[in-house]
Amino acid sequence: MKPVKAALKGPVEENKEGDRPERVQPIAASTLIHSDLTSVYGTVVLNRTVLFLGTGDGQLLKVVLGENLTSNCPEVIYEIKEETPVFYKLVPHPVKNVYIYLTAGKEVRRILVANCSKRKSCFECLAAADPHCGWCLPLQRCTFQGDCTHTGSFENWLDISSGPKKCPKIQIIRSLRERTTVTIVGSVSARHSECVVKNADTGKLLCQGRSQLNRTCACNIPSRPSYNVLVVNATFSFPSWNLSERFNFTNCASLKECPACIETGCAWCKRDKKCIHPFTPCEPSDYERNQELCHLAVEKPPKDSGGGRVKENKRNRTEGALQVFYIKAIEPQKISTLGKSNVIVTGANFTQASNITMILRGTSTCEKDVIRVSHVLNDTHMRFSLPSSRKEMKDVCIQFDGGNCSSAGALSYIALPHCSLIVPATTWISGGQNITIMGRNFDVIDNLIISHELKGNMNVNINVSEYCMATSCRFLAPGLKSSKGRTDVVVRLRVQDTYLDCGTLQYLEDPRFTGYRVESEVDTELEVKIQKENDNFNISKDDIDITLFHGENKQFNCSFENITRNQDLTTILCKIKSIKNANTIATSSKKVRVKLGNLELYVEQESVPSTWYFLIALPILLAIVIVVAVVVTRHKSKELSRKQSQQLELLESELRKEIRDGFAELQMDKLDVVDSFGTVPFLDYKHFALRTFFPESGGFTHIFTEDMHNRDANNKNESLTALDALICNKSFLVTVIHTLEKQKNFSVKDRCLFASFLTIALQTKLVYLTSILEVLTRDLMEQCSNMQPKLMLRRTESVVEKLLTNWMSVCLSGFLRETVGEPFYLLVTTLNQKINKGPVDVITCKALYTLNEDWLLWQVPEFNTVALNVVFEKIPENESADVCRNISVNVLDCDTIGQAKEKIFQAFLSKNGSPYGLQLNEIGLELQVGTRQKELLDIDSSSVILEDGITKLNTVGHYEISNGSTIKVFKKIANFTSDVEYSDDHCHLILPDSEAFQVVQGKRHRGKHKFKVKEMYLTKLLSTKVAIHSVLEKLFRSIWSLPNSRAPFAIKYFFDFLDAQAENKKITDPDVVHIWKTNSLPLRFWVNILKNPQFVFDIKKTPHIDSCLSVIAQAFMDAFSLTEQQLGKEAPTNKLLYAKDIPTYKEEVKSYYKAIRDLPPLSSLEMEEFLTQESKKHENEFNEEVALTEIYKYIVKYFDEILNKLERERGLEEAQKQLLHVKVLFDEKKKCKWM
């Protein structure tokens, strides 16, 4: 054992200048030795140091240090079932000091710092010396102080500083011979207390009293020679709590000994030496009710004068010979926390000792266990029975006759075994197959049991021989010859007297072999192919033994090669190598013996007709075939004509039905849109901005999102400070941007990144950033005015265009959140709700209800709604009492099990307002049928495999789940399987082109698919549009409306700027200004938001939602277009869908632009005030130093070009010097970088 020591260390004394500090020495008394610590967290509670220790096997221990820093025995306050190591960092709750967070595996758990409620009495609560716990007098429970009601006074909660002797207790004492006093002792308030003593049998009041003059209430009962009051109830009442105790004095006179007398509640009169009723006369000096003062004559055991490890050997008569006890080993070295009744210690000379004990030492501050030997088997072996214990490693030593303790090594107490997988899970009735159980802690198993339920609910347990290691256990499946057909048995592990269920092993009928063939390609090797009916057995090389018999009782062993499964039969291939006359052996072979575990079968050779018979029968067969072919051809021709007629009728009927259903759906279908959908899950400004600035560069996001609130503003790097000052020079910055844009290898991606870095660097200087935007926009207009002014701001090909997008995002974030956010989230929610109302193919993501023809699921099967009664298992992650765990959920019979899970999770969230607490891949679904349960999976042994090897995913209909069925949601025991990423080898609703077949009630039927035409389902696009129409119009009008007749500052300012520039350039065409405004606001900002709801909300955008939002975004942009749409019948459906609405939207957009222009212009002071406020809002949001560093990388990359440009420009001499100075600072920083 390699102990990990956790030691508290004393303070370091201050040293004089120049002296070396003294080495800090640990306090010896405070050292705590534990075998496997991974993390430590310390705090101080009630002047006691409390340590929380995480271990490598998933335990959280709590240690309380005393006043002299001595440790108590650690208490296990939490244990992780999976035994994953606790992460090195433990974090306390920032507000509630009763919780601590620990990380293990992929989970963070919130744990209570103490298990106060397990201590049932005041004495037990305070004696535990846990500073987090105390005795709550009003509740009469051990609680945290915050859980104790009526804590207006600290007297109502007794902490450990009070000590267990301060616990309130009712006592009967004798102060005078004439009376007995019933009073209360302990830490209680003397004010406002009442006391009552009653006869419990009759209810008669014996005495009653109140507290007086700050003295605790006392009840005086006069003494009498005899009392017929046998049972007494005493009650003391305080303002917020009371204490009652029942005393039974039934057998006082019959007790003759002081301890027994006082233990029953009676009193002992020392002078008379008799047990009396507490209320009868006795002198106060002789009256005794304290058992500690009863004098008992205790015989002291004689001291053992025997030796220690060395004892005289009575058998060996050699003079002066001494017998040495020797310990060799202890077996086993690992046992479960339940203990073990047969631990064997080996060594020498055990029969020579008369008193042998084993001492177990675990954690250094815990009491040791002393166990006497159970049985000395012989001179070299003895047996011990070890008690239960918690998980830890303990040192073992053996003590002979009270001498020194001889070490026997280390013994590990580990958790009970846990099973995760049985492979294979199916075997045959005869048994004998190698079965492997995967899991952990199998090396403490006593034996393995197969539990088989017979008729009449009678269980038969079969002990099997197993070979177990720590993580796996192997055994041979026993035969169940008494069973017929499919039988499920339970595999159980026995540890001491505890039986643990490990899983189910399924028995099926024995394999059936149909024949074999022998083939020989070379004369020294034979191939034997044995045919077997298809089954679900997983046969390995170790399970099978094949022998070929030929000639006169001659035989060869055949080496197993592989197993091939075909559509009808399974072929087992084995080879016989290094032989002679292989062809002769092949023709003389008689039979093959196959041994599968306990099953032994003889397989006969497949019959092969001789060549002679074949030649005779061939002409006859040909004639028959020709005649049959002619007859069949004529019959088929008639049948084909009839079928074609039927198919045409069926197609006509289908078309009529689909068109009528589509019309009825448009007129009658209603989608229950929920107006109140709870809190909109907005992203905070930081993540909204970063997703807008870097939509495709997720790698930049994390470097800007570190916590900036604790950053020291004075600790800014000198080189970055100089660069910050330099880019605040407008002339310099504009020159740099134009120089960079002229470089051929400064790509469009680089321009966008540079603009985003510049936005972050100037996030708190929005007034300056706006002035830069104005200058660059004017320069862009100069370039476009010479060519095509209508194309300005249409594409993202320059820094200023991306800069404009970012500037709009910053300035309109508040308007987006306050005005547009709620209708936008309602649109996404309603659209998702409509899509999920019909079938969705989980492989291709195509759906019946959509806005995009390319994503239309036109190969839709018939489907029905199934109402399920879902029961959610209670889990630690969601233990709230007010959570509804029985929920009715509607799913479709064509939904996969994974889709049903998602709908069940969404129903739980809608019903309770909070998520279930687990991820989708952490839960499973079980179908409850009577007392039986069946787990539902997307793929299992019952899944349909189509002709071309494609697996069809299981659906609700596949399991024949009907309305009202009960589904249980449970937490998976082990997450050894995660969600499958389905490949081309799987299908759901869209079947492969080849004709599929399915297994129905044990028979194979070729699937008959109804003829489908895509255009039959185009009405579903219109149905989806109608469902979201009101929500969509509300969203559009929230965008192009003017709340309170005021436009957002950024929009009004930039539109006025564009109008002014058009006037300056004498542009008279109103269409040009309209296009500029459209390119700057709807195209550069709103379309980006509409197509990416994940930029605004904390949601996941599916591919199908993305395709529908693209149609909506196209309709939105068409509303801003000036060109009239010329759409014909052949136009794309995505354009036709909103063709009638676009003219109305266009009029509204024109009114919107006119209303903004007619508003009074903004003053420069108003705009500066708005930008200043926005800048202050976003202080400390981003790490501007990272942005400055990225900007410098671009500057230094094109340093020579920028420097040459500065030299040619007048008035930039100072900026040139500053740039050279910045480069010197960065170069020095690079040289001084920590190696």
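This structure is a prediction, so every number in the text was calculated from the model and none was measured. (Residues numbered from 1 in each chain as written. Predicted model: local features only at pLDDT ≥ 70, side-chain atom pairs only at ≥ 80, totals over all residues. Heavy atoms only, no water.)

Trainee: Run through the confidence of the model for the protein, naming residues and quoting values.
Mentor: For the protein, mean pLDDT is 83; residues scoring 70 or higher make up 86% of the total. Least confident of the elements in the protein is strand E58 (residues 997–1000), whose mean pLDDT is 34; most confident is strand E31 (residues 381–386), at 94. Note on residues 1–25: pLDDT under 50 across the span, and 37 contacts to partners over four residues away in sequence or across chains. Segment residues 994–1009: pLDDT under 50, and 25 contacts once partners within four positions in sequence are set aside and those in other chains are kept. (pLDDT = per-residue confidence, 0-100. Helix = DSSP H or I, 4+ residues; strand = E, 2+ residues; numbered from the N terminus. Contact = heavy atoms within 4.5 Å.)

Trainee: Explain the packing of helix H22 (residues 1199–1208) against helix H23 (residues 1213–1231) to me, and be specific about the residues and the numbers.
Mentor: Viewed as axis vectors pointing N to C, H22 and H23 meet at an angle of 155°, and their least axial separation amounts to 10 Å. Classed by the angle they form, the pair H22 and H23 counts as roughly antiparallel. Counted together, Phe1199, Ile1202, Leu1203, Leu1206 and Glu1207 of H22 and Gln1216, Leu1219, Leu1220 and Lys1223 of H23 form the full contact between these two elements. A class-by-class count of the residues in the contact of H22 with H23 yields six nonpolar, one polar and two charged. (Axes fitted to C-alpha atoms, helices over the stretch in contact; angles between N-to-C directions. Parallel < 35°, antiparallel > 145°, perpendicular 65-115°, else oblique. Nonpolar A, V, L, I, M, F, W, Y, C, P; charged D, E, K, R; others polar.)

Trainee: Would you mind going over the sheet that holds strand E53 (residues 932–936) in detail, with residue names and values included?
Mentor: With mixed pairing, five strands are arranged side by side in an open sheet as E51-E50-E56-E52-E53. The open sheet terminates on both sides in strands that have one partner only, identified here as strand E51 (886–892) and E53. With direction set aside, neighbouring strand axes in the sheet form an average angle of 35°. As defined by bridge partners, strand E50 (residues 865–872) adjoins strand E56 (residues 966–971) across four bridges and the pair is classed as parallel. Counterpart to Val871 in the pairing with E56 is Lys968. (Pairing = 2+ DSSP bridges.)

Trainee: Any details on the nonpolar core? Residues and values, ideally.
Mentor: For soluble globular proteins, the rule of thumb is that nonpolar side chains tend to be buried together. One finds Trp807 and Phe1116 to be the most contacted residues of the largest nonpolar core, which totals 129 residues. Here this core takes 11 residues from helix H17 (residues 1103–1120), the largest share from any one element. What Trp807 contacts, discounting residues up to four positions off in sequence, is Leu769, Thr770, Leu773, Ala1050, Tyr1053, Phe1054, Met1167 and Leu1171. In terms of nonpolar packing, the next biggest core, distinct from the first, is built from 63 residues, Cys122, Ile170, Leu243 and Cys282 among them. (Core = buried A, V, L, I, M, F, W, Y, C linked by side-chain atoms within 4.5 Å. Buried < 20%, exposed > 50% of the residue type's maximum accessible area, 1.4 Å probe, protein only.)

Trainee: Quick one: what's the story with the sheet that holds strand E55 (residues 951–952), residue by residue and with numbers?
Mentor: One open sheet holds the three strands; their spatial order is E54-E55-E57, and the pairing between them is mixed. Here the strands that pair on one side only, and so sit at the sheet edges, are strand E54 (944–945) and strand E57 (986–987).

Trainee: An account of unusual backbone geometry is needed here, citing residue identities and associated values.
Mentor: Between Glu331 and the following residue, Pro332, the backbone shows a cis peptide bond with an omega angle of -5°. By the element assignment, Pro332 lies in the loop between strand E25 (326–331) and strand E26 (334–336). Of note, the bond from Val423 into Pro424 is cis; its omega dihedral lies within 30 degrees of zero at -15°. Mapped onto the elements, Pro424 comes out in the loop between strand E34 (418–423) and strand E35 (426–428). Not every positive phi belongs to a glycine, and Asn581 is a case in point at roughly 55°. One can find Asn581 in the loop between strand E47 (569–577) and helix H3 (582–588). Despite not being glycine, Cys845 has its phi angle at roughly 70°, a positive value. For Cys845, the location among the structural elements is in the loop between helix H12 (813–835) and E50. Exposure remark for Cys845: the relative accessible area of 25% places this residue in the partly exposed category.

Trainee: Quick one: what's the story with the pairing of strand E44 (residues 525–533), residue by residue and with numbers?
Mentor: Sheet topology places strand E43 (residues 513–522) next to E44; seven bridges connect them, and they run antiparallel. For Gly515, the partnering residue across the bridge sits in E44 and is Gln531. Hairpin connection of E43 to E44: two residues between the antiparallel strands. Across nine bridges, the pairing between E44 and E47 is antiparallel. Paired with Lys532 across the bridge in E47 is Thr570.

Trainee: Tell me about the state of the cysteines, and please be specific about residues and values.
Mentor: Such a bond, covalent and formed between the sulfur atoms of two cysteines, is termed a disulfide. In this structure the tally under the stated criterion is 14 disulfides. Disulfide pairing places Cys116 opposite Cys133 at an S-S distance of 2.0 Å. Measuring the twist about the S-S bond at about -85°, one finds the Cys116-Cys133 disulfide to be left-handed. Separated by 17 residues along the polypeptide, Cys116 in the loop between strand E9 (107–112) and helix H1 (122–127) and Cys133 in the loop between H1 and strand E10 (134–136) bring together distant segments of the chain. Each of the two residues, Cys116 as well as Cys133, counts as buried. (Disulfide = S-S within 2.5 Å.)

Trainee: Pulling in residues and values, what's your account of the packing of aromatic side chains?
Mentor: A full pass over the atoms with the stated rule returns 37 aromatic pairs. Ring centres of Phe682 and Phe1097 lie 5.5 Å apart, and the angle between their planes is 45°; on these two criteria the pair is classed as tilted. Within this pair, whereas Phe682 is found in the loop between helix H4 (611–668) and helix H5 (685–693), its partner Phe1097 is found in the loop between helix H16 (1070–1090) and H17, the two being separated by 415 residues in sequence. Look at Phe1036 and Trp1040: their rings are 5.5 Å apart centre to centre, the planes differ by 50°, and that puts the pair in the tilted class. Accessibility classification places Phe1036 together with Trp1040 in one group, the buried group. (Phe/Tyr/Trp six-rings, centres within 6.5 Å; stacked < 30°, edge-to-face > 60°.)

Trainee: I'd like to hear about a nonpolar patch on the surface, residue by residue, with values.
Mentor: A grouping of Ile620, Ile624, Val628 and Val632 is seen on the molecular surface, where their side chains present a nonpolar patch of about 340 Å² in accessible area. Mapping Val628 onto the fold places it in helix H4. Relative accessible area serves as the criterion here: at 44%, Val628 is assigned to the partly exposed category. (Patch = residues over 30% accessible without salt bridge, like charges linked within 9 Å, V, L, I, M, F, W, Y side chains within 5 Å. Areas by Shrake-Rupley, 256 points an atom, 1.4 Å probe, with all protein chains shown as cover. Salt bridge = Lys/Arg side-chain N within 4 Å of Asp/Glu carboxyl O.)

Trainee: Pulling in residues and values, what's your account of the pattern of salt bridges?
Mentor: What the rule picks out here adds up to 41 salt bridges. Here Lys903 and Asp895 are joined by a salt bridge, their closest N and O atoms 2.8 Å apart. Looking at Lys903, the relative accessible area reads 18%, which means it is buried. Here Asp1227 makes a salt bridge to Lys1223, at a shortest N to O gap of 3.3 Å. Separated by four residues within a single helix, Asp1227 and Lys1223 lie in helix H23, roughly one turn from each other. Assessed through its relative accessible area of 32%, Asp1227 is described here as partly exposed.

Trainee: Break down helix H21 (residues 1184–1197) for me, with residues and values.
Mentor: Here H21 contains 14 residues, and its C-alpha end-to-end distance of 20 Å stays within 8% of the 20 Å for a straight helix at 1.5 Å per residue. Those residues of H21 that sit buried are Glu1184, Val1186, Ala1187, Leu1188, Glu1190, Ile1191, Tyr1192, Tyr1194 and Ile1195. (Expected span 1.5 Å × (residues − 1).)

Trainee: Describe the pairing of strand E37 (residues 447–454), and please don't skip the residues or the numbers.
Mentor: Successive residues of a regular strand alternate their side chains across the two faces of the sheet. Counting buried positions along E37 yields six of eight residues, so the element is predominantly enclosed. Sheet analysis places E37 next to strand E41 (residues 487–495), joined by five bridges and oriented antiparallel. Bridge pairing in E41 links Asn447 to Arg494.

Trainee: Hey, could you go over the packing of helix H7 (residues 718–727) against H21 for me, with residue numbers and the actual values?
Mentor: Packing of H7 against H21 brings their axes to within 10 Å, and their N-to-C directions diverge by 75°. Taken together, H7 and H21 sit at an angle that is classed as roughly perpendicular. On H21, the residues touching Leu720, Leu723, Asp724 and Ile727 of H7 are Glu1185, Leu1188, Thr1189, Tyr1192 and Ile1195. Within the contact of H7 with H21, the residues separate by chemical class into six nonpolar, one polar and two charged.

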